[in-house]
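Single-letter residue listing:
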Amino acid sequence: MWILAWRNLWRHRRRTVIVGSAIAASYALFLVVLSIEDHSHLVMRDTAERTIGGALRVEGSGFSATRSIEHHVPDGEALAAELLAHREVREARVEVELSGLLSSPRDNAGAQVRGVDVDAWPTVLDDLFLRVGEGTFLDPDDPQGIALARPVARDLQVELGDRVVLTLSDPQGEMTRALFHVGSILEVEVGGPEQIAFLRIEEAQRAAGLGDAVTSIGLRLYDSGERFALQSALQALVDERRPDQGLAVLTWDEVVPDLIAIIEIDRAFTLIMLSLVFLVVVFAIANTMMMSVMERTRELGLLGALGLGPWATARLVLYESVAKSAVFMGIGLLIALAGHAAISRWGIPIGEAGFDYDVGDVHIVEPVLYSHMNPESWLFASLLIFGLTTLAALHPAVRAARLQPTEAMRQWK
Amino acid sequence: MTETKKRAAGEGRGQDHLIDVRGVSRVYEQGLSKVYALDDVSVHFDSGEFTAIAGPSGSGKTTLLNVIGALDRPTKGDVRVAGRSIGSLGKSEGAAFRLQNVGFVFQAYNLLPVLSGYENAEFTVSLQKVSPKQRRERVMALLDRVGLAEKAHRRPNELSGGEQQRVAVVRALASRPSIVLADEPTANLDHKTGEALLDLMLELQREHGTTFLFSTHDPVVIDRARRIVRMDSGQIAADERQSEAA
Ligand SMILES: Nc1ncnc2c1ncn2[C@@H]1O[C@H](COP(=O)(O)OP(=O)(O)OP(=O)(O)O)[C@@H](O)[C@H]1O
Ligand SMILES: [Mg+2]
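Numbers given to residues run from 1 along each chain, matching the order in which its sequence is written. Both sets of labels track the order of writing: A upward for chains, 1 upward for ligands. Note on the predicted model: pLDDT of at least 70 is required for a residue's local features to be given, and 80 or more for side-chain atom pairs to be given and counted; whole-chain, interface and lining totals, by contrast, use all residues. Remark: hydrogens and water are excluded; side-chain values derive from all non-hydrogen atoms of the structure.

1. A look at the overall build of chain B
1) Next: Numbering of helices and strands runs from the N terminus; a helix is a DSSP stretch of H or I covering at least four residues, while a strand is a stretch of E covering at least two. Scanning chain B for helices and strands turns up seven helices and 10 strands.
2) Next: Only C-alpha atoms enter the radius of gyration, while the globule expectation follows 2.2 Å times N to the 0.38, with N the number of residues. A compact globule built from 246 residues should have a C-alpha radius of gyration of about 18 Å, and chain B, at 18 Å, falls within 12% of that.
3) Next: In terms of its C-alpha atoms, chain B occupies a principal-axis envelope of roughly 50 × 45 × 40 Å.
4) Next: Within the span of chain B, comprising 246 residues, buried residues form 54% of the whole.
5) Next: In chain B, the proportion of contacts linking residues at least 24 apart, taken out of those at least 6 apart, comes to 69%.
6) Next: Methods summary: accessible areas were calculated by the Shrake-Rupley approach with a probe of 1.4 Å, and residue burial reflects only the protein chains presented. When the accessible surface of chain B is split by element, carbon and sulfur atoms take 46% of a total near 10900 Å².
7) Next: Taken as two groups, the 33 positive and 32 negative side-chain charges of chain B have centres that lie 5 Å from each other. Exposure classes here rest on a 1.4 Å probe applied to the protein chains alone. A residue is buried below 20% of its type maximum, exposed above 50%, and partly exposed in between. Contacts: residue pairs with any heavy atoms within 4.5 Å of one another. In this tally, Lys and Arg are treated as positive and Asp and Glu as negative; His is ignored, and so are the chain termini. Positions of charges follow a simple convention, taking NZ of Lys, CZ of Arg, CG of Asp or CD of Glu.

2. Some remarks on the overall build of chain A
1) Next: When you go through chain A residue by residue, the secondary structure sums to 15 helices and 14 strands.
2) Next: Relative to the compact-globule value of 22 Å for 413 residues, chain A shows a C-alpha radius of gyration of 31 Å, a clear excess of over 25%.
3) Next: Burial statistics for chain A: of 413 residues in total, 51% are counted as buried.
4) Next: Summed over all atoms, the accessible surface of chain A reaches about 18700 Å², with 58% contributed by carbon and sulfur.
5) Next: When the 35 basic and 53 acidic side-chain charges of chain A are each reduced to a single mean position, those positions are 19 Å apart.

3. Here we look at the sheet that holds strand E10 (residues 235-241) of chain B
All names here are of chain B.
1) Next: Any two strands with at least two DSSP-identified bridges between them are counted as paired. Strand order across the open sheet formed by six strands is E6-E7-E8-E3-E9-E10, with mixed pairing between neighbours. If you trace the sheet from one side to the other, it starts and ends with strand E6 (102-105) and E10, each paired once. Here the average twist between neighbouring strands, direction ignored, is 15°.
2) Next: Strand direction decides the pairing type here: E6 and strand E7 (residues 179-183), joined by four bridges, are parallel. Within the sheet, the bridge partner assigned to Val 102 lies in E7 and is Ile 179.
3) Next: Axis lines are fitted to C-alpha atoms, over the contacting stretch for helices. Their N-to-C directions set the angle, which ranges from 0 to 180 degrees. Those strands touched by helix H6 (residues 191-208) are strand E3 (50-54), E7 and strand E8 (211-216), and its axis lies near 140° from that of E3.

4. Topic: a nonpolar patch on the surface
1) Next: A contiguous nonpolar surface patch, about 520 Å² in accessible area, is contributed by Phe 269, Ile 272, Met 273, Leu 276 and Leu 279 of chain A.
2) Next: On the basis of relative accessible area, Leu 279 of chain A is assigned to the partly exposed category, the value being 48%. Patches draw on residues past 30% relative accessible area with no salt bridge. Two like charges within 9 Å are joined, as are two nonpolar side chains (Val, Leu, Ile, Met, Phe, Trp, Tyr) within 5 Å. For this analysis, a salt bridge means a side-chain nitrogen from Lys or Arg found within 4 Å of a carboxyl oxygen belonging to Asp or Glu.

5. Considering the sheet that holds strand E5 (residues 84-85) of chain B
Residues and elements named next belong to chain B.
1) Next: Across the sheet, four strands lie side by side as E2-E1-E4-E5; this open sheet has antiparallel pairing. A single partner strand is all that each edge strand has here, and the edge strands are strand E2 (33-45) and E5.
2) Next: Looking at chain direction, strand E4 (residues 76-81) and E5 are connected through two bridges and run antiparallel. Each residue of the ladder has a partner; that of Arg 80, found in E5, is Ser 85.

6. Observations regarding the domain arrangement of chain A
All names here are of chain A.
1) Next: Annotation comment: domain bounds sourced from an automatic or database domain assignment. Split into domains, chain A comes out as domain 1 (2-48 + 259-411) and domain 2 (62-245).
2) Next: Note on domain 1 versus domain 2: buried area summed over both sides is about 480 Å², and carbon and sulfur give 53% of it.
3) Next: Between N or O atoms, a polar contact is any pair within 3.5 Å; within protein, one atom must be a potential hydrogen donor and the other a potential acceptor, and residues adjacent in sequence are included only when both atoms are from side chains. In this structure, the connection of domain 1 to domain 2 is made through zero residue pairs in polar contact (both at pLDDT 80 or more).
4) Next: Listed by contribution, the elements that provide at least two residues to the side of domain 1 that touches domain 2 are helix H2 (13-52) and strand E13 (362-366). Buried area: the sum, over both parts, of the accessible surface (1.4 Å probe) that disappears when the two are put together.

7. Things to note about the site of ligand 1
1) Next: Proximity is defined per residue: any heavy atom of the residue falling within 4 Å of a molecule or strand makes that residue near it. Near ligand 1, the surroundings consist of 16 residues, among which Arg 410 of chain A together with Ser 57, Lys 61, Thr 62 and Thr 63 of chain B are the closest.
2) Next: Two or more chains meet at ligand 1, and those chains are chains A and B.
3) Next: Note that a nitrogen atom of ligand 1 is positioned 3.5 Å from one of the side-chain N or O atoms of Tyr 28 of chain B.
4) Next: Between Ser 59 of chain B and ligand 1, the recorded distance is 3.2 Å, taken from a backbone N or O atom to an oxygen atom.
5) Next: Burial of ligand 1 by the protein amounts to 75% of the accessible area it has alone, namely 630 Å².
6) Next: Contributing elements (two or more residues each) for the shell around ligand 1: helix H15 (405-410) of chain A together with strand E1 (19-30), E2 and helix H1 (61-68) of chain B.
7) Next: Looking at the shell around ligand 1, the element that brings in the most residues is H1 of chain B, giving three residues.
8) Next: When residues are grouped by polarity, Ala, Val, Leu, Ile, Met, Phe, Trp, Tyr, Cys and Pro land in nonpolar, Asp, Glu, Lys and Arg in charged, and all others, Gly among them, in polar. When its residues are assigned to classes, the shell around ligand 1 shows four nonpolar, eight polar and four charged.

The structure is reproduced here in structure tokens:
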């Protein structure tokens, strides 16, 4: 039966090659587009995780949503040390995140002010796509030194050593002020945040009247894919150690839910577009299959007369379709692999600006598109296309099965 | 020397005949008029018979063979083969019945163009799920018997009309059916080739004891048969037996 199907497939070599090329090309397109998108999403996820300070975050529940430091984690250092004892946790980074107004004698600027512990989070600048331009970043010998991103310094028209006042509301909602001076200016790399400033964490705590409380503890895991599994375990741990403090363990996905929504919408949209393209191919397949069944009416009638039952006849037509899909999807796969390799290596530049957008506090920039092979996407695309091509053969197969041998064979007379 | 013995249609009803056609009609509706391709036909054939169905064009020969081979269903009446009623088999059952019990040889386009002579001959046997080794032995022996062993690998378009029909005969016998139905197997062949094919079928019939029924117009071919059923307008006009014409 397979031999018969295989040979039938190559009877109209040119027709088969045309339809096959359409299968191969659209399958390859499917895979490459999904891979580029998967890479994009990877960048988004990675950026989000880096910006948030880890795959998981412990905070006073409600902080992410409200940004109000009324939700905080008392005695953050101690809890961070306890969390770090968990074997899946690689780093625990206490942080005080404030939104306030910075003022110089010349101008004001709104900024996100992050009080960080450089010892616990030495890669903070790299993680946020920042680089020291001038001065020393959060010098321990200069506790009053604030680090400003270059755009913030420009807005305030300040230079190294100039005075800056931070105005913010404390946990009780009272306005307070604190005086700093510019200790360093940070250059913003591609993808880095522009309206940001850094303080040593103890200075931020003091300025905000937080005492030893922090706004969040970022947890970097050995495997961030384990974050969902770990979330409940760590939540239990936190509840046990700190009952009644209303603390929440969140995955980064929950901290920036919009990002996940964007990724999902993006994927759905792409799938719809690609499926529409592929629908045209499916239609072409169905048509040529139907044509080839009609042309072979007499032969299929003969098979029926010889004792090939209707199911077996339908199967024969489906085998042809399966053989066709297998061959041309194989070719499509090779094309897609080559495309994927080329794009992951050289990338596709998409102009000066590239993609540049903010989702919550996460700032995402992609000037060059790369490709990432996600086995799930590849498997999904393969099954979808194989399924649809087979589905396209279903109607012709049923038609073949319905032929009456005597009627079919009468055709030559 | 011909010994003619007329038989009344329907005689022998209820006996153990291999093929028993009982009061079969096959009516085609054509617009308002009805065409009786078979009109209340009763006839039976015993195991090992070699019978010609003769008659003018449109007399119902093909229809009779199709009804016996479960390719067509009678409008009225029933056909029994080896005691089993096949008049109302479904499509799948009909196919299964043909596969196990009937070998077919048609007038033309008998073979699948994409398969070699050997593969064509093997087709029904392979559907019967006979082991590959047995299959090969059986088919090769028959191809050898009809003188086509050398050409077995050729595609049908590389074989002559007579050779193609011989492959079809091999296919019909390879599945070891109890009946071989041949609808004008020689019609597309020249006279000599047709005769040769018929002689071959006759010899194979003797060797295998298979029941052969074939329809034909050709008087020379008719002479080879030991029994001749003559049809006219969907009815059996005569049923003759003659001693072997050697
Ligand atoms: N599908 C059909 N629809 C309508 N009429 C049909 C059909 N098949 C056969 N007939 C009619 O039934 C009658 C018998 O046809 P059949 O094919 O059995 O004759 P035949 O003896 O085999 O003729 P031939 O020698 O030309 O092959 C004819 O009148 C034919 O026109
Ligand atoms: Mg006929």
